[in-house]
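Structure at a glance
Here are the chains, one letter per residue:
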Amino acid sequence: MASATSGSLLVDANELAIAVSSLTYSHVTTSVPSLVDLYLHLPRGSRTILIGANGAGKSTLLQILAGKRLVSGSDVRVFGRDVFRDSPPLVTFLGTEWAMNPVVRSDIVVSNFLDSVGGWRHKERRDKLLDILDVDLDWHMHAISDGERRRVQLCMGLMIPWDLLLLDEVTVDLDVLVRSDLLDFLKEESVSRGATVLYATHIFDGLSAFPTHVTHMRSGAFVSPPTAWPLAELPAGAESTAGSQLHSLALHWLKEDREQRKKDEVAGILPVTRGRRANDVPTDSETFYRKYDYGH
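This text gives an overview of the structure that appears in the document. (Residues numbered from 1 in each chain as written. Predicted model: local features only at pLDDT ≥ 70, side-chain atom pairs only at ≥ 80, totals over all residues. Heavy atoms only, no water.)

A word on the sheet that holds strand E3 (residues 16-25)
Across the sheet, four strands lie side by side as E4-E3-E6-E7; this open sheet has antiparallel pairing. Two strands in the sheet have a free side with no partner beyond their single neighbour: strand E4 (35-43) and strand E7 (81-82). As paired elements, E3 and E4 share six bridges and run antiparallel to each other. The partner of Ile 18 across the bridge, within E4, is Leu 42. (Pairing = 2+ DSSP bridges. Helix = DSSP H or I, 4+ residues; strand = E, 2+ residues; numbered from the N terminus.)

Next up, the structure:
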């Protein structure tokens, strides 16, 4: 029986939802890679929380898995199919950029908007999501808040049954009640249909009961590969002081990330570009505003 190993996971290859090997990716050929020799294997029906600081490569990974960025020389498969040459069906990617699209900020009624993307074909699921996300079909897209617009996006993206859901920070605008109800829905989809969720987020409150696995990214690689959740024991220094084991673990990992970056800066591996700077030379803008400071 063929199997794939990722950290503590040992999974029959036929049961994998995601199989990534030797993935390296740069946004520009001359830039430092955003992903470096990355391996990822996730079983069907898993719900994995992707933890990492801003710039760790989480969004890039999700976009590649969704087929939104082309890579070469790497094996990236979803349900056994090459995401670029044999695109798998029923893969849904939801990211934050959607809400800034001028089309979804135009004067269009929500009911018409949802029907235009197939809502009439999936009315039962659409109506269930309308209740979960507390969406009004009579809203006008240009006249609602960012959080309400985000709810419409989620309703639109989730009403067509999916086998793999890639979420990139899309719950950031939701109030705590809607977010909780949404997570319950996604968990039920995973349990009842074997659907798979890979979720990058910086909001960990109320999330401990959701994942089956957690993983930690730093500088485009996995520091901690997907590991079954809850952990048998938290790492030393990650005691649950924040009221949630997952929140405490994320806080611990992110502190480690920052400490490692500072060590790399001291060692000259990375340039010192963040925080205060020693022997700071005034910039042209500082010199100008010192000379023409009309605030006093």
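Picking up after the structure, the text goes on.
Here we look at the pattern of salt bridges
Within this structure, the stated rule accounts for 15 salt bridges. Between Arg 151 and Asp 175 there is a salt bridge, and its shortest N-O distance comes to 2.9 Å. Of this pair, Arg 151 sits in helix H4 (residues 146-158) while Asp 175 sits in the loop between strand E9 (164-168) and helix H5 (176-193), and the two are 24 residues apart along the sequence. Overall, the relative accessible area of 12% leaves Arg 151 in the buried class. Taking the relative accessible area as the measure of exposure, Asp 175 reaches 37% and is therefore partly exposed. Its salt-bridge partner being Arg 193, residue Asp 163 comes within 4.0 Å of it at the nearest N-O pair. Of this pair, Asp 163 sits in the loop between H4 and E9 while Arg 193 sits in helix H5, and the two are 30 residues apart along the sequence. Taken together, the shared-partner salt bridges in this structure form one network comprising Arg 125, Asp 163, Glu 189 and Arg 193. (Salt bridge = Lys/Arg side-chain N within 4 Å of Asp/Glu carboxyl O. Buried < 20%, exposed > 50% of the residue type's maximum accessible area, 1.4 Å probe, protein only.)

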